[in-house]
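Observations on chain architecture
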Amino acid sequence: MTPSIPISLNTKRPRGLEDLIAYIKSYNPDVDTDLITKAYLFSEKLHQGQKRTSGENYFQHPIEVAFIVAELQLDTGSIVTALLHDTVEDTVATLAEIEALFGPEITALVDGVTKISQISFQTSEEKQAENFRKMVFAMAKDLRVILVKLADRTHNMRTLQPLRPDKQARIAQETLDIYAPLANRLGLSAMKRELEDLSLRYTKPEIYYKLVTQVAKKIKERDQYTQDVLAMIEGALHEHGYHNIKVSGRPKHFYSIQKKMEKRNLTYEEVYDLTGFRIVLETVEQCYGVLGLIHSLWTPVPGRFKDYNAIPKANFYQSLHTTVIGPAGERIEIQIRTTAMHDTAERGIAAHWAYKEGKNVAQEASKFSWLNRLVEWNKDLQDPNEFLETVKLDLFSEDVYIFTPKGKVIEFPQGSSPVDFAYSVHSDLGHHCIGAKVNGRIVPLKHKLKSGDTVEILTSQNQTPHKDWLKIVKTSKAKNKIRQFIKTQAHESSKVMGEMILEKELKREDLKFKTLLKEGLLTEVAEGFSLKSVDELLSAIGYGKLSAKKVIGKLNLPSSKKSSEDLKEGKETTRPLQKIVEEASRKSTSRQGIKVKGIGDLLVHFARCCNPVPGDSVIGFITRGRGISVHSRKCPKVFDSDPHRLIDIEWDMAISAERSVKIRVICHDRPGLLADMSGVIKDQKANITRAQIGTTKDKKAVCLFTVSIKNLPHLSKILSTLEGIPGVISTERVQKKV
């Protein structure tokens, strides 16, 4: 049985009204105690008799959320919202009642938190994208909404233990995917660390508790090392006249250790920098002085110094980071910052502009450029999958900082190219970009920029965007502008083609295109097909979505001009894409577990680029002569495809069709390990059709198995069971050809 080991911080807090008010007054003497008391009593009455899964009184939850919000030192409105945040969703209270008692501002905050709480991210891609939209707009309107929601999620994660394991895993994964990155983007590093550790505990309990045990075994040894290093740092600082300082060392949180082990294929024993050291001083000048002192004390590791003081992160984080070779040859990471920087690092946005009563929230929220970008670009994005990609790019990316020739600093996601830089300056500069000078040296478009680079864009009026650019750009703006240009060009080409097809068909009927256009008859036809303009009508003809005969049949002409039965609505020629679909349908012998909405059996094949399995969200691409190609909706090729050849499909759960999938297992080589892995896969009623074994330079084994599985849950069960085998470091699904 897995032991229960609490890791959350500040679990022993006072839980009463008096203690809550006293805590708030410690940072906000002007708190409206009457309003908080009113909200406290109102919520307590409404939640009376309600119990949590653990059996404790439900009202304990809003109290704890209010304390977490108070730790962020937010305003009275935020505290009141924390106390009321579940009243509309879980009690008989209404928004009208909240407004009558607490006013429109509190009502808007409670409504925002309620709506975010109702969002489910365990849905289809399109639904997930719409839910992201709701959350982004709620954040942009008033950031206090997401801060209260993050406090709510933090307490829920602290008290997840009583729930069923499957529910624990689902909530924890959602926290890891959405809320921990949000906390990071808002600069709430303490909250982010706690959410990540708690998520690891419930998503990968075997790994988490293994780390807990390994850390416990080394705790005395690590504590002694930490104390020795702290004594050396403090001694050196005092010797050089630095007295009003705070030096601390803390172990890295479990999630960061696990990610480092996974990324570098290390065992726990091979991870040396398990403790981070922090020096907090009074002034910026002292920070740089202490940095020089540390570098004279120990040898710095080349390439591991970062100055976030001169160039702060997008969430306002500032600090000096350096890694040095410390005592006993161990690498140690040291952060050097002022007291104000440290407050910002731990409390993020709340520290940067701690809410004062009556402060303009919308104006302060506008300082977050990444949030502004999401709201701005959302206006131009109609495809929900594109919006979802945009959100994830901006939410999860790490930043690099690039200089313009005039010295202005612009932030970009890691891996960005000169094309990203060009589009960040101006769309025309991006459209005509042919290369760049990086630090005075000419580089190609696919060159990856690094922090500190100075970039100058080279252009040509003959250059235009190409769809291959989508493979090298990282920023949402560049991707959106390139797609928009390509779609516009495709639209123009289809419009010209459509006009040619329609004119040719009109001549057969002794009709003139220009005359019909001038008299507005084509506009009437476009409206009849629910199209916005004649241009859209022509584009639809060019794409093959509409036949010219059907368009002519819709013309409001004298009967004498309708020359034959061919012009009647029922006699339209078959669309080219429809012909392909029908041909594929005739050739079909098996659906292979795929259903196409509105169409019968089809010839389908599964794309090798993403190799979807039952349970993946999929979409179909109508090929020429090969039926429907089934792709994962997350497949990059989908975004590069002609959108008019995409078709909605879904898995037919009535058909049990096994799919082959590749999995990679990284492990320590030992006798009998391959037999253990084969046995586990066999026990899960899966068949290995191919196996390939190799070793890395550091003598770890890399096993590639091709396994026949039933669906995604079946695959997840196999992977999680393999991870439990002694010696196995990590398992993953391989979706690209290896």
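Cut-offs applied
- Residues numbered from 1 in each chain as written.
- Predicted model: local features only at pLDDT ≥ 70, side-chain atom pairs only at ≥ 80, totals over all residues.
- Heavy atoms only, no water.
- Helix = DSSP H or I, 4+ residues; strand = E, 2+ residues; numbered from the N terminus.
- Buried < 20%, exposed > 50% of the residue type's maximum accessible area, 1.4 Å probe, protein only.
- Contact = heavy atoms within 4.5 Å.
- Areas by Shrake-Rupley, 256 points an atom, 1.4 Å probe, with all protein chains shown as cover.
- Salt bridge = Lys/Arg side-chain N within 4 Å of Asp/Glu carboxyl O.
- pLDDT = per-residue confidence, 0-100.
- Phe/Tyr/Trp six-rings, centres within 6.5 Å; stacked < 30°, edge-to-face > 60°.
- Pairing = 2+ DSSP bridges.
- Axes fitted to C-alpha atoms, helices over the stretch in contact; angles between N-to-C directions.
- Bend = angle between axes of the 7 residues up to and from the residue.
- Patch = residues over 30% accessible without salt bridge, like charges linked within 9 Å, V, L, I, M, F, W, Y side chains within 5 Å.

In terms of regular secondary structure, the protein is built from 30 helices and 21 strands. Per-residue burial over the protein gives 50% buried out of 738 residues. Taking contacts inside the protein between residues at least 6 apart in sequence as the whole, the part at least 24 apart equals 66%. When the accessible surface of the protein is split by element, carbon and sulfur atoms take 51% of a total near 36500 Å².

Turning next to the pattern of salt bridges. What the rule picks out here adds up to 22 salt bridges. Across the pair Glu-333 and Lys-252 runs a salt bridge whose closest N-O atoms are separated by 3.2 Å. You can see Glu-333 sitting in strand β6 (residues 331-338) and its partner Lys-252 sitting in the loop between β1 (246-251) and α13 (254-264), a full 81 residues away along the chain. On the basis of relative accessible area, Lys-252 is assigned to the buried category, the value being 17%. Counted as one network, the salt bridges with shared partners bring together Asp-75, Glu-105 and Arg-144.

For the protein, the mean per-residue pLDDT works out to 81, and 80% of the residues sit at or above 70. In this model residues 560-577 is a low-confidence stretch, pLDDT under 50, and it forms 27 contacts with partners more than four residues away in sequence or in other chains. With pLDDT under 50 throughout, residues 584-591 is counted as low confidence; its partners more than four residues away or in other chains account for 16 contacts.

You can see Leu-291 is positioned in helix α14 (residues 284-297). Each C-alpha atom of the pair Leu-291 and His-321 lies 9.0 Å from the other, and the pair is 30 residues apart in sequence. Leu-291 has contacts with Phe-305, Leu-320, Thr-322 and Ile-336, leaving out every residue within four places of it along the chain.

Take the packing of aromatic side chains next. All told, the structure shown has 8 aromatic pairs when counted by the stated rule. Between Tyr-208 and Tyr-209, the ring centres sit 4.9 Å apart and the planes meet at 80°, which makes this aromatic pair edge-to-face. Residue class for Tyr-209 comes out buried when judged on its relative accessible area of 11%. For the ring pair Phe-606 and Trp-651, a centre distance of 5.9 Å and an interplane angle of 10° mean the geometry is stacked. Note that Phe-606 is positioned in strand β13 (residues 604-606) and Trp-651 in strand β17 (residues 649-651), a separation of 45 residues in sequence. Judged on exposure class, the residue Phe-606 and its partner Trp-651 are both buried.

An order of β19-β20-β18-β21 is seen for the 4 strands of this open sheet, with the pairing classed as antiparallel. Where the open sheet ends on each side, the last strands, each with one partner, are β19 (687-695) and β21 (728-734). Adjacent strand axes in the sheet meet at a mean angle of 20° when their direction is disregarded. On the sheet, helix α29 (residues 673-683) packs against β18 (659-668), β19, β20 (700-709) and β21 and is oriented at approximately 20° with respect to β20. Where helix α30 (residues 712-723) meets the sheet, it contacts β18, β20 and β21, and its direction lies at approximately 160° from that of β21.

The sharpest bend along helix α12 (residues 205-239) comes to roughly 55°, located at Ile-219. Positive phi appears at Gly-241, one or two residues downstream of α12, with a value of about 90°.

Our focus in this paragraph is the sheet that holds β13. Through backbone hydrogen bonds, the strands of a sheet pair up, either in parallel or in antiparallel fashion. In spatial order, the strands read β13-β15-β14-β16; together these 4 strands make up an open sheet with mixed pairing. Here the strands that pair on one side only, and so sit at the sheet edges, are β13 and β16 (646-647). Here 3 bridges tie β13 to strand β15 (residues 628-632), and the two strands are oriented parallel to one another. Bridge pairing links Phe-606 to Val-630 in β15.

Further remarks concern unusual backbone geometry. Of note in the backbone geometry, Ala-328 takes a positive phi value of approximately 65° without being a glycine. By relative accessible area, Ala-328 is classed as exposed at 77%. Positive phi values are uncommon outside glycine, yet Ser-530 reaches one of about 60°. Along the polypeptide, Ser-530 turns up in the loop between α24 (521-528) and α25 (534-543). Accessibility expressed as a relative area gives 68% for Ser-530, which makes it exposed.

All right, on to a nonpolar patch on the surface then. Judged by side-chain polarity, Val-496, Met-497, Met-500 and Ile-501 come together as a nonpolar surface patch covering roughly 360 Å² of accessible area. Following the sequence through the fold, Met-500 ends up in helix α22 (residues 476-508). With relative accessibility at 51%, the residue Met-500 sits in the exposed group.

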